[in-house]
Amino acid sequence: TISWSELEDHLDDPKLITFFKDVDIDISEARGLFELLDRDGSGTIDADEFLSGCLRLRGAAKAIDLQLVMCELAEQRRSFQKLLSALEDSASDAE
């Protein structure tokens, strides 16, 4: 597995730069890509997740942007559901 700080330490590595170019992902998108691939929020991803995620997102940065927006939307949905549940519980207690 690799953490963001470990990956960040290698962003100037010519091999990693070449890899990002080969899969049509801009190196400046590395942080967003890492967060996108770290679906469980553990702060780490394994090599297979990293490679398969990069290959799935090949192409224009628009694909990465869309995936990031989808992840952010899912997080907002979870937050909204928690808030709604808390409000419903408060309303039930008030009755």
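Structure's up top.
Presented here is an overview of the structure given in this document.

Scoring rules and cut-offs
- Residues numbered from 1 in each chain as written.
- Predicted model: local features only at pLDDT ≥ 70, side-chain atom pairs only at ≥ 80, totals over all residues.
- Heavy atoms only, no water.
- Helix = DSSP H or I, 4+ residues; strand = E, 2+ residues; numbered from the N terminus.
- Buried < 20%, exposed > 50% of the residue type's maximum accessible area, 1.4 Å probe, protein only.
- Areas by Shrake-Rupley, 256 points an atom, 1.4 Å probe, with all protein chains shown as cover.
- Lys, Arg positive; Asp, Glu negative; His and termini not counted.
- Charge placed at Lys NZ, Arg CZ, Asp CG, Glu CD.
- Salt bridge = Lys/Arg side-chain N within 4 Å of Asp/Glu carboxyl O.
- Phe/Tyr/Trp six-rings, centres within 6.5 Å; stacked < 30°, edge-to-face > 60°.
- Polar contact = N/O pair within 3.5 Å; in protein donor to acceptor, adjacent residues only side chain to side chain.
- Contact = heavy atoms within 4.5 Å.

**With respect to the overall build of the chain**
Moving on, step 1. In terms of helices and strands, the chain carries five helices and two strands.
Moving on, step 2. In sequence order, the secondary structure elements of the chain are arranged as β-α-α-α-β-α-α.
Moving on, step 3. Overall size of the chain, expressed as C-alpha extent along the three principal axes, is 65 × 25 × 20 Å.
Moving on, step 4. Within the span of the chain, comprising 95 residues, buried residues form 22% of the whole.
Moving on, step 5. Of the accessible surface of the chain, which amounts to about 6800 Å², a share of 53% is contributed by carbon and sulfur atoms.
Moving on, step 6. Charge centroids of the chain, computed over 10 positive and 22 negative side chains, lie 7 Å from each other.

**A word on the pattern of salt bridges**
Moving on, step 1. Under the counting rule described, the total for this entry stands at two salt bridges.
Moving on, step 2. Arg78 is paired through a salt bridge with Glu75; the nearest N and O atoms lie 2.9 Å apart. Separated by three residues within a single helix, Arg78 and Glu75 lie in helix H5 (residues 61-94), roughly one turn from each other.
Moving on, step 3. Using a relative accessible area of 39% as the deciding quantity, one classes Glu75 as partly exposed.

**Side note on the packing of aromatic side chains**
Two aromatic rings, taken as a pair, are described by how far apart their centres are and by the angle between their planes.
Moving on, step 1. Across all of its chains, the model carries two aromatic pairs by this definition.
Moving on, step 2. Consider the rings of Phe19 and Phe20, whose centres lie 6.1 Å apart with planes at 85°: the pair is edge-to-face.
Moving on, step 3. Relative accessible area serves as the criterion here: at 22%, Phe19 is assigned to the partly exposed category.

**Side note on the side chain of Ser3**
Moving on, step 1. Summarising the element assignment, Ser3 is placed in strand E1 (residues 2-3).
Moving on, step 2. Within the structure, Ser3 has its side chain in polar contact with the side chain of Ser5 (distance 3.2 Å).
Moving on, step 3. Not counting residues within four places of it along the chain, the set of residues in contact with Ser3 comprises Phe34, Gly43 and Thr44.

**Here's the deal with the environment of Glu35**
Moving on, step 1. With respect to the element layout, Glu35 can be found in helix H3 (residues 30-37).
Moving on, step 2. Sequence separation between Glu35 and Gly53 is 18 residues; the distance between their C-alpha atoms is 11 Å.
Moving on, step 3. A polar atom in the side chain of Glu35 sits 2.8 Å from the side chain of Arg31.

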